[in-house]
Amino acid sequence: MTSCDLCGLDAGAQPYRASDHVFCCLGCMHVHAILSESGVLASGVDVRETEIFKRSLELGLIATGGRETSRKTPPADTTDLPSEERLYRLSGLWCSACAWVIEHTLQAERGMVSAEVHFVSDLLKVRFQPQKLPPSRIVELVESLGYKAVEYTGEANSADKERKDLLMRLGVAAFLWVNVMGMNLSVYFGAFDPVLPFLAMALTMPVLLYSAQPILRIAWSGLRRGALRMESLLSLGILAAFGYSSVQAFRGGTHVYFDISCAIVTLVLVGKSVEQGAKHRAAQTIASLHRMLPQKARMAGVERFRAVTELKPGDEVLVKAGERIPVDGVVLIGDSEADESLLTGESKPVRKALGDRVVAGSVNSGSPLTIAATTVGESSTIARIVAAVERALVSRSEVERRVDRVSRIFVPAVMAVSLGGALYWLQSGLAMEEALLRAVTILVIACPCALGIATPLALTAAVGAASRMGILVRDADVLERLGKVEEVVLDKTGTVTEDRFELLEYDAAHLATLAAVEAYSEHPAGKAVVAKAKELGLTIGEAREIEVIKGAGIRGVVDGVEVLIGSRALTGGAPEAPETDGHTPAWYRIGGELEGRLAFGTRIRQDARALVSGLRERRIPVRILSGDSEAATAAAARELGIADYRAGVRPEEKAADVARRNAAMIGDGVNDAPALAAASLGIAMGSGADLAMRASAMVLLGGDLTRVLDGFALANLTRQVVRQNLFWAFFYNMVGIGLAAAGLLNPLVAAGAMVFSSLSVVGNSYRLSRFGAG
């Protein structure tokens, strides 16, 4: 055993080396170099007692403290070491079994925290400890399995290259297949020439050595590691048909099946090219989001650019017309419109003026805006969206995991059935030629391609459709969970009501006078009066002798007339309207006379009415949980037609309530975050608090509540498509194996049926990609 020359731990089978020293990790190697260059090693002191060593240990540069004498002690647990996450794009994946082999190999590597391959988008997400596992080692491990891995940046160059390579291999295979099939037909119909079988063999060789090379390479790589994959079935079928036909050619026989080898390769490549198109569309979802990430920002005042990663909250940036907004922030100067369609799915530009919130990734479509940054970098809206979509595309649902487990058992089982069947038929007196053909047919038709892509392809298409509609989902199984919720719980303030406090009842004849006095008030009610007057275009006069009566109201003089606005106790107002309507009342006197009553509150959102109506049609119960008063909550529930509600609920009570039920919780505030996290499915408003969005599994980017109904419809369709895909995948395999075993199929028909099953799954899943497009 080799020990690390710095910490004394086992350096493993593949230690890091520098000069004549070996190390257990990159951290030890780098710290050793620092100690050497600083002269510490030459001084002869115990390096474990140096400040450099101790500080490196604190920072996690060294995995653990060294052992003084017990060099055979196994490495300490490194689960507390810092880790990082990276995304790689894979090439050469042919089925979900490939994904499992890569995951299994990487997870067995020291320093790998987690590895997850998403077959549908050819993406690999790893979390690893750089101190124990260099990134280059990840790429080496993948390549040792017969695949390729490059760090994913959102660019499509590598995908285009792989697609062109696949099309070239397909073209060669298809061209030669047609020629070989023509020769075999001549033999079948009696025009036998001893040269034809050898000519067909020669034309088949390029198909095996070039077109089929990815299939054979991956099968061989799996065989060396003791893993049976889908390529193992295909390779056995291709080589068995070629080998049998070669023997027949040298024996002078007429039953040659070189065309079957070419046909299997050609049809498999046809299916792969279609599947690769679906994968490309899935990966484009991420690529398009990456292109939305602004890289630079124009600093206000100095007209120079700075990298977005260098910005800090409070920095002021200038965004000219047509430019993408680089940060989340607030408008300081300017009046324009922003196109937020890529973020929210809404095509209508949104006006942005002084004090309005803007989001990174949207496009300034009007005049220049000066913006004060509030969140930057990975905390910005667009960066969170990219991260969430990446997580959704590389995460897998429980259904998909179960199918993967079945696929891993399915491949060796089919090989056993094929081999056992061949032996049984031979013992039963069936000719070797016929027994071999039946065995080959079973291998070909049992290919689990359709089974492997049935669930992930549907879920990926659904995630893409959701993002185009302005619904951001965190995980691939969110849509599954949404389809299973038994009730929907709504927050009130900011969710079913508008998030602004406004004047709802007033007499327009007195509004300008009242606004002149309320212009000096800092109370939300006073600001609401002024806002309403400006909204109506009224001319607000000047008030004098202002007196703010704390907790009661405000007094002033307008055009020589005293104006008093405030509570019933201050003004002597009578309760002419019941206060159980949930509105906040105020009365006013002009010239000593009680003139009228004002009512303040928040309006019920129109989309909230549509949401409740839509849920009622789907027979999904709806409740309201609010921290607001009994009167306000009851009024909102009554207006929405919701009988089940609770008022005055604290955040922890909300969380406990929804945790006991299979419920979807919709909220927007910081106080909703515990309930959103505890619910079976948390749904946050895109215009809500950052904490609420982080705690939720789904975010409505445009803040439109009716998108929840779209989510339910998409979830139901997704569940339906997944079930259909799995049914047809199993149906094709089971029926096909039975027909092949009975001798009713030949390998050529089996290859076509196998490809048709994959194409049917792709076509059925494509329905989800079009969801909401109209």
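Described in the following lines is the structure provided in the data block.

### Some words on the overall build of the protein chain
From N to C terminus, the protein chain includes 27 helices and 28 strands. Per-residue burial over the protein chain gives 52% buried out of 774 residues. In the protein chain, of all internal contacts separated by at least 6 residues, the share reaching a separation of at least 24 is 66%. As displayed, the protein chain offers around 34000 Å² of accessible surface, 56% of which is attributable to carbon and sulfur atoms.

### Details of a nonpolar patch on the surface
Where nonpolar side chains cluster on the molecular surface, the patch consists of Phe727, Trp728, Phe731, Val735, Leu739 and Leu744 and spans about 570 Å² of accessible area. Considering the arrangement of structural elements, one finds tryptophan 728 in helix H26 (residues 707–741). In this structure tryptophan 728 comes out as partly exposed when scored by relative accessible area, which is 40%.

### A short note on the sheet that holds strand S4 (residues 112–118)
On the basis of which strands lie adjacent, the open sheet formed by four strands has the order S4-S5-S3-S6 and antiparallel pairing. Looking at the sheet topology across the chains shown, the edges are occupied by S4 and strand S6 (148–151). Looking at each pair of strands side by side, their axes are set apart by 30° on average, direction ignored. In the sheet, S4 pairs with strand S5 (residues 123–128) via six bridges, with the strands oriented antiparallel. By the bridge assignment for S5, methionine 112 is matched with phenylalanine 128.

### Observations concerning helix H7 (residues 195–211)
Its 17 residues give H7 an end-to-end C-alpha distance of 24 Å, which sits within 8% of 24 Å, the value for a rise of 1.5 Å per residue. All of the buried residues in H7 are Leu196, Pro197, Ala200, Met201, Thr204, Val207, Leu208 and Ser211.

### A few points about the sheet that holds strand S27 (residues 681–685)
With mixed pairing, seven strands are arranged side by side in an open sheet as S16-S28-S27-S26-S17-S24-S25. Either end of the sheet is taken by a strand with one partner, and the two such strands are strand S16 (471–473) and strand S25 (645–646). The pairing of strand S24 (residues 622–625) with S25 spans two bridges and is classified as parallel. Across the sheet, the residue bridging to isoleucine 624 is tyrosine 645, located in S25. Lying on the sheet, helix H23 (residues 651–659) is in contact with strand S17 (487–490), S24, S25 and strand S26 (663–667); it crosses S24 at an angle near 160°.

What counts and how
Residues numbered from 1 in each chain as written. Predicted model: local features only at pLDDT ≥ 70, side-chain atom pairs only at ≥ 80, totals over all residues. Heavy atoms only, no water. Helix = DSSP H or I, 4+ residues; strand = E, 2+ residues; numbered from the N terminus. Buried < 20%, exposed > 50% of the residue type's maximum accessible area, 1.4 Å probe, protein only. Contact = heavy atoms within 4.5 Å. Areas by Shrake-Rupley, 256 points an atom, 1.4 Å probe, with all protein chains shown as cover. Patch = residues over 30% accessible without salt bridge, like charges linked within 9 Å, V, L, I, M, F, W, Y side chains within 5 Å. Salt bridge = Lys/Arg side-chain N within 4 Å of Asp/Glu carboxyl O. Pairing = 2+ DSSP bridges. Axes fitted to C-alpha atoms, helices over the stretch in contact; angles between N-to-C directions. Expected span 1.5 Å × (residues − 1).

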